[in-house]
Amino acid sequence: MLEGHVGAVVALAASYLPPSDKPVSDMEDWTGQPSIIVSASSDSTIKIWVREVQDGEFTMKQSLSLNRGFVMGLDVYFMKNSKRPILAAGGDDCRVSLFEWQDGQLLKLMTLTGHEDWIRDLQFASLNNGDILLASASQDTYIRLWNITTLQIDTEKEDSEEIQLKKKNFTLSCQGDKVKERKYTVSLEAVLIGHEDWIYSVDWYPPLIRDGIVYQPQQLISASMDKTVIVWSLDKESEMWMEQARVGEVGGNTLGLYGGVYSNDGERFVAHGYQGAFHIWKLDQENQKWCPQVALSGHFGSVLDLSWDPLGLFFLSVSSDQTTRLHAPWKQEDKMVTWHEISRPQVHGYNMQCVAMTTSSQFISGGDEKVLRVFEAPTLFFESMRSISGIDLSQVHLFDLTYEVTKPIGYLI
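This section reports on the structure supplied with the text. Here the structure is a predicted model, which is why all the values come from computation and not from measurement. One numbering rule holds for all chains: residues counted from 1, following each sequence as written. Under the rules for a predicted model, residues below a pLDDT of 70 receive no local features and side-chain atom pairs below 80 are neither given nor counted, while totals for whole chains, interfaces and linings still include all residues. Note that water and hydrogens are dropped before the side-chain values are worked out from all heavy atoms of the structure.

## Regarding the sheet that holds strand β18 (residues 228-235)
Heads up, the condition is: Two strands pair if DSSP finds at least two bridges between them. The numbering of helices and of strands both runs from the N terminus, where a helix is a DSSP run of H or I of at least 4 residues and a strand a run of E of at least 2. All axes are obtained by fitting lines to C-alpha atoms, using only the stretch in contact for helices, and the reported angles, taken between N-to-C directions, cover 0 to 180 degrees.
Sheet architecture is open: four strands sit in the order β14-β17-β18-β19, paired in antiparallel fashion. Whereas interior strands pair on both sides, the edge strands pair on one side only; in this sheet they are β14 (199-204) and β19 (240-248). Neighbour-to-neighbour, the strand axes of the sheet open up by a mean angle of 25°, direction not taken into account. With five bridges connecting them, strand β17 (residues 219-224) and β18 associate as antiparallel partners. Within β18, the position partnered with leucine 220 by the bridge is tryptophan 232.

Shown next, in the form of structure tokens:
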């Protein structure tokens, strides 16, 4: 456990430190090397932690004060032929700051401007031509891609007649190379526009190995409060970044998606939301479409009450996470029957305390505001239960509570 922050930790970045006897190369196995962790907190500080191989303990090397500012996005990257990590940080100042870790201290290299609201996430990706792309996600609903490339001597003299984007340069010292210093230039590669609300995270497609060569697909996903995940990719013909796919939720009063990440093989990605839900999509290779998959679910607060339906076919549970959730069996052909959360018939504004089912299509619930509410199932609920659980509730009449209640037919483990 690393102790030092006095506020909530809101961002983390970590990496192994490269070995000192050879230059940095992509996808190199640095396991067993010293490691570095960078953390940002609501106490307006960035802290650097380094673990040495000898004792295996993390030691805080630096605490950088942001005065009253906050950082919510962090990432660490090692430039080729450099032994010092580059840190990208973004927060409530709407700027991306690049730092160099040198001799136990963070030294600021430059600031990238353009976003008009808080920056929520940052992530580096190494391209096949040696360039680096830095993706920054912001509450201004835009994603900016910054290209970091080695500055060639013959490109320092710019043709005055050529229209060029504004570029910024910085210099890094190199080790294990004949050149002591290398100059890099940073320019805006693209602005990705498509989301309609705050963007909380970006994640690059994981690098692949083809014929022994590391290949970085130019594709990333972004998760937003507009309840969608967008898959972005570079179109080879137009050389423009385009929206390849858009998935997510429809309807409801949830607060959207807080993050999304690829699986290691890039064939799936998972997103998560404020109400504790996970959403998984898998790429259908034949049709090249992202299809939703069954994800883990459940309450993220204490469960305070539950009630079986009068026929014992499914049950409802209420929790301090302010939701009422319905659990029922999922019956698949030639597969074992498993129990899952099928729906959330109530997302409330107060902690839930009690629930009781009066019929198979009606229930009463109560919360901290001391009000009982009666809910009746819509037609879509009957269709969902029929397709998922094989239960036809449309033929069930209002259940007389004076009759004996059927016991549950299964157990949820």
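## Some details on the pattern of salt bridges
Note that side chains of opposite charge can pair when their charged atoms are close. The condition is simple: We count a salt bridge whenever a side-chain nitrogen from Lys or Arg sits within 4 Å of a carboxyl oxygen from Asp or Glu. Burial here depends on accessible area, computed with a 1.4 Å probe over protein chains only, as a share of the maximum for the residue type. Under 20% is buried, over 50% is exposed, and the range in between is partly exposed.
Taken as a whole, this structure holds six salt bridges when the rule is applied. Residue arginine 325 pairs with glutamate 341 through a salt bridge whose shortest N-O separation is 3.1 Å. With arginine 325 in strand β26 (residues 323-330) and glutamate 341 in strand β27 (residues 338-347), this pair connects stretches of sequence that are 16 residues apart. On the basis of relative accessibility, which here comes to 0%, the residue arginine 325 falls in the buried class. Here glutamate 341 falls in the buried class, since its relative accessible area comes to 17%. With a shortest N-O distance of 3.5 Å, aspartate 392 and arginine 386 are connected by a salt bridge. Exposure remark for arginine 386: the relative accessible area of 39% places this residue in the partly exposed category. Several salt bridges converge on common partners, so that one network encompasses Asp321, Arg325, Glu341 and Arg344.

## Looking at the sheet that holds strand β1 (residues 9-16)
Judged by pairing direction, the sheet is antiparallel, and its four strands sit side by side in the order β1-β2-β3-β4 without closing on themselves. In this open sheet, the two edge strands, each paired with only one partner strand, are β1 and β4 (58-65). Strand after strand, the sheet turns through a mean of 15° between neighbouring axes, direction not considered. Note: β1 against strand β2 (residues 35-41), seven bridges, orientation antiparallel. Directly across from alanine 14, in β2, lies its bridge partner isoleucine 37.

## Focus: unusual backbone geometry
With a phi close to 65°, serine 44 is a non-glycine residue in the positive phi region. In this structure, serine 44 sits in the loop between β2 and β3 (45-51). Taking relative accessible area as the criterion, serine 44 reaches 6% and is therefore assigned buried. Residues other than glycine seldom take positive phi values, yet glutamine 288 does so here, at roughly 55°.

## Structural notes on helix α1 (residues 379-388)
Just so we agree on the cut-off: Here the arc refers to the directions that run from the helix axis out to each C-beta atom.
Inspection of α1 places Phe381, Phe382 and Met385 among the buried residues, and these make up the whole buried set. Along the axis of α1, the buried residues cluster in a sector spanning 100°; they form a single face. Away from its buried face by more than 90 degrees, α1 exposes Thr379, Leu380 and Ser387.

## With respect to the pairing of β3
With respect to burial, β3 is a largely interior element, six of its seven residues being buried. Across seven bridges, β2 lies against β3 in antiparallel orientation. Bridging across to β3, alanine 40 finds its partner in isoleucine 46. Counted along the chain from β2 to the antiparallel partner β3, the turn is three residues long, and its residue serine 44 has a positive phi close to 65°. Examined bridge by bridge, β3 and β4 share seven bridges and lie antiparallel to one another. The partner of isoleucine 48 across the bridge, within β4, is glutamine 62. Between β3 and β4, which follow one another and run antiparallel, lie six residues, and glycine 56 among them has a positive phi close to 70°.

## Quick word on the side chain of aspartate 321
Test applied: In the analysis that follows, any N or O atom pair within 3.5 Å is treated as a polar contact, provided that within protein one partner can donate a hydrogen and the other can accept it, and provided that, for residues neighboring in sequence, both atoms belong to side chains.
Within the fold, aspartate 321 resides in the loop between β25 (315-319) and β26. Looking at aspartate 321, its side chain comes within polar contact range of the side chain of histidine 299, at 3.0 Å. In this structure the side chain of aspartate 321 is engaged in a polar contact, spanning 3.1 Å, whose partner is the backbone nitrogen of phenylalanine 300.

## Focus on the environment of glutamate 243
Inspection of the secondary structure puts glutamate 243 in strand β19. Owing to a relative accessible area of 37%, glutamate 243 belongs among the partly exposed residues under this scheme. Distance from glutamate 243 to glutamine 219, taken between C-alpha atoms, is 9.9 Å for residues 24 residues apart in sequence. A polar contact of 2.9 Å, which involves the side chain of glutamate 243, links it to the side chain of arginine 246.

Note that all results are geometric; they support no functional claim without further evidence.
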